[in-house]
Structure formats: C-alpha cells, structure tokens
Amino acid sequence: MAFLNDNYLKLRAGYLFPEIARRVTAFCEADPAAAKRVIRCGIGDVTEPLPAAAREAMHRAIDELGARATFRGYGPEQGYAFLREAIAANDYAGLKVSADEIFISDGSKCDCGNILDILGSGNRIAMVDPVYPVYVDTNVMAGHTGAADESGAYEGLIYLPCREENGFVPEIPREKADIIYLCFPNNPTGAVASLEQLRAWVEYAVRHEALLLYDAAYEAYISEPGVPHSIYEIPGARECAIEFRSFSKSGGFTGVRCAFTVLPKSVMARTRSGEARSLHPLWQRRSSTKFNGVSYPVQRGAEALYSAEGKEQVAGLVAHYMGNAAILREAVAASGLRVYGGVNAPYIWVRAPEGASSWEIFDRLLQEANIVITPGSGFGASGEGYFRISAFNSRVNAEEAAHRIRALSW
Ligand code: MLT
C-alpha cells in the first residue's frame, strides 16, 4: 500500500466553503419552502454578467482558433506577452515591474498555494488572523505546521491577531518570521493598510531578510484616496515581496479563471548552504514544468479588461458590488451591531452579539432570515465572535437581505 501525505490528516474538518455549502444543502433539503428564500452572502462569488469587452475579445479569440492561419496550440507557460505587458503598463505604471516579472495563472488561490513549491521547509511562517484559509491549509498540507489546537490554531505558525483594537491591521511581530502572508484589502475583514503600515512591514522584511506574500486580489475595490494598491508602492518591496492579483473579483472571472503573480527578479531566498538566490527562475521553472498556461481566449478576455471600455465596465461592476456593500452595511449598523469593512472591499465584517459564536450566528441567520453568511471562526481563532457578509450579489438580493437583517432583533 502506498503512503499518503499524513499532513492532510492534520487539516481541521472540511475547507470552509464546502462546509458552509454542506450545511446550506442540509437546511434546504429539510425545508424546501425556506430553501426558495435563501440568499447566499457566504462565499465571495460574483453574480453579474461578464463585461462585454471581455466577452467580445474571447469570441474573437475563439474565431482565431477556428482558422488554420491564426490557430494557436500551447501558449507560453508564463502567459502571453500581450497580457503581461497590459498588466505592467496599467497596474504597475511607474512601479518598475516589468512584463517578464508577471506570471499569468488560473487563480490567486492556486498561486498562493503553489508558491510553497519553491520555498523550503523550516521557515518560520506568520499569518494574519483571521485569514483566507488557503494560506494556512496549504502550509499544513506541505508539512510546515504541527497539529491544530482546540481553537484551530496550528502549532508552529505565528499568528498575527487582527482585532478591533488594531483596526484589523496586525502589529509587526517582535520575533523573526521568514515568510509573512499579508492580504489588503483584507479578506475577510475588509480592512486596508496605510502606506505607513506597509512601509513598516517592508522594513521588517528587509531587516530580517523575510519574504512578504502579498495578496491584493481585492485591489479593484479600494475607493479611498491614499490607500496603497500594490506593495511595490513601498520602496524596498521589490527586494522582499511577491504580489498576487486576480481578475476574479474585478472582471467577474471566478468561473473564467485568470490571475497573475508578480515576482520581481530581485526577490531572493537562501539555499540550505546559505547562498542567496533569486526566486524568479525557480517560479519560471515550476510554471514550465507543472503548468501549460491559461487558455488563449481567456487571456484575450483579461487583456480586454484594460481597454477603455473594459476599464469602464470593470468600474461598473465594482460600483455595483460596492453599492450592495453600502446597503448591507447600513442594515447591519441599523440592527445595532458593530460593522467593519465594506468601504474598500466587498466584504462586511460584523461583530456578533455579545456571547454568540460565529457558527451560532450562521445557523440563526440561515434559519430565521434564510441568509447565508460566513462564520468568522472559519477564518481563524481571532475571527471567533464575528461573521462576514459578502456583497457579491444582485441588487435585488442585497436589498432583500438588508430588509431581513433590519427586521432581526438581536
Ligand atoms: C471568499 O469567499 O473568501 C472567496 O470567494 C474565496 C476565494 O476567492 O477563493
């Protein structure tokens, strides 16, 4: 019999979102009438149609593949130059990120997990808490942790608590970490970090020769001026940070699949024998060995998001979801609960009524209001006592959810 990867057995229960889906399915099967009323504000999945610019570009690309003269087979593993150049010119103008430091992929979730392939074992890994579960679970799978305790915290990880007191932006740890996961705008809390706060992280990373894994999947939702959109706005970040971005939430690509990772050639890590080496060629080597790239029509669709019409349509989508966020935020505040996020991010983070656990609120909202939310504890121990409402929905559903929330008495 073959040996399995024992690390998987350390993972607690199911992955958060399938677990929510399981509970919702059980509820709907038990009460088919209520099932028809269910509004899903759990997983952050887009609901609005794809931007026309992306659809038209994908249609054209399909037609190209249908003609011998313009047919294409395997594409470059790192992504087509046309898309990497569009990203460099639009998202990183003035930030010295070159097109060959950009790697196109099928998702930030995959990239955040896959990046561990090029990093060694024995690193001290720090995570914000609450946190997008993928960062933690992929480290557990890779054998970088011990077992989980009662609260779900894994032995060996450094947790950086994000609470109301610190505005959900973690303090710099006193101890030395080798790898730090940061996510701004944050999933799940919706918090953003200021330039000064990010500067402190970059200084820390440079001082300790640490690596920042910076997830900016929700960058398109930043609405306030002065909030950094990229870690590369901070001097020194090109020496210590890898940035993940996605078209999932900006262009509505959760089903289409396209994202990218920026890995500057100047980001170094050490070999076992102590030699500093650039990570860029390792990631390139990984991509060419384990990946055949994102499909040509999809990359053309993503490129079209940077056209004038594409930008306008993306802004329209973002405005739609942020309109929902405002409606939901107001309803939650009116119901007497403390509410965070929803200003620079499509997630609203809510303090549960005193004494109620996150899963208790999940069950209550499902049963009494037929609304699906995400329990904060699913994002880590510091998320206990909170819940997350996703603003990804139709306007009709957001308004109906807001109406039902206002009618609740906590
Ligand atoms: C979420 O709900 O946190 C997101 O949909 C997760 C993801 O993007 O993978």
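Residues numbered from 1 in each chain as written. Predicted model: local features only at pLDDT ≥ 70, side-chain atom pairs only at ≥ 80, totals over all residues. Heavy atoms only, no water.

**Concerning a nonpolar patch on the surface**
Item 1. Residues Leu4, Tyr8 and Leu9 make up a contiguous nonpolar surface patch of about 350 Å² in total accessible area.
Item 2. Position of Tyr8 relative to the elements: it lies in the segment before helix H1 (16-30). (Patch = residues over 30% accessible without salt bridge, like charges linked within 9 Å, V, L, I, M, F, W, Y side chains within 5 Å. Areas by Shrake-Rupley, 256 points an atom, 1.4 Å probe, with all protein chains shown as cover. Salt bridge = Lys/Arg side-chain N within 4 Å of Asp/Glu carboxyl O. Helix = DSSP H or I, 4+ residues; strand = E, 2+ residues; numbered from the N terminus.)

**A word on the nonpolar core**
Across soluble globular proteins, nonpolar side chains have a tendency to be buried as a group.
Item 1. Core analysis: the largest hydrophobic core is formed by 132 residues, its most contacted members being Ile180, Leu212, Ile231, Phe247 and Ile389.
Item 2. Take this core: its biggest share by element is 9 residues, from helix H11 (residues 308-334).
Item 3. Of the residues that make up this core, three or more belong to each of domain 1 (13-49 + 309-407) and domain 2 (54-307).
Item 4. Among residues more than four places away in sequence, those in contact with Ile180 are Ala126, Leu160, Trp201, Tyr204, Ala210, Leu211, Leu212 and Leu213. (Core = buried A, V, L, I, M, F, W, Y, C linked by side-chain atoms within 4.5 Å. Buried < 20%, exposed > 50% of the residue type's maximum accessible area, 1.4 Å probe, protein only. Domains from an automatic or database assignment. Contact = heavy atoms within 4.5 Å.)

**Side note on the sheet that holds strand E7 (residues 241-246)**
Item 1. The strand order E2-E8-E7-E6-E5-E3-E4 describes an open sheet built from 7 strands, whose pairing is mixed. Strands at the two margins of the open sheet, each flanked by one partner only, are strand E2 (102-105) and strand E4 (157-161). Neighbour-to-neighbour, the strand axes of this sheet turn through a mean angle of 20 degrees, independent of strand direction.
Item 2. Two elements, strand E3 (residues 125-129) and E4, share 5 bridges in a ladder whose sense is parallel. Looking at the pairing, Ile125 lines up with Leu157 of E4.
Item 3. Lying on the sheet, helix H4 (residues 81-91) is in contact with E2, E7 and strand E8 (259-262); it crosses E2 at an angle near 120 degrees.
Item 4. Running at roughly 145 degrees to strand E6 (residues 211-215), helix H7 (residues 195-208) makes contact with E4, strand E5 (179-183) and E6 of the sheet. (Pairing = 2+ DSSP bridges. Axes fitted to C-alpha atoms, helices over the stretch in contact; angles between N-to-C directions.)

**Here's the deal with the domain arrangement of the protein**
Item 1. Looking at the protein, the domain boundaries give domain 1 (13-49 + 309-407) and domain 2 (54-307).
Item 2. Every contact between the two is made by 32 residues of domain 1 and, on the other side, 39 residues of domain 2.
Item 3. Summed over both partners, the interface of domain 1 with domain 2 comes to about 2,900 Å²; 56% of that surface belongs to carbon and sulfur atoms.
Item 4. Across the domain 1-domain 2 interface, the total number found is 1 salt bridge.
Item 5. Within the side of domain 1 that touches domain 2, the residues separate by chemical class into 18 nonpolar, 8 polar and 6 charged. (Buried area = accessible area lost by both parts, 1.4 Å probe. Nonpolar A, V, L, I, M, F, W, Y, C, P; charged D, E, K, R; others polar.)

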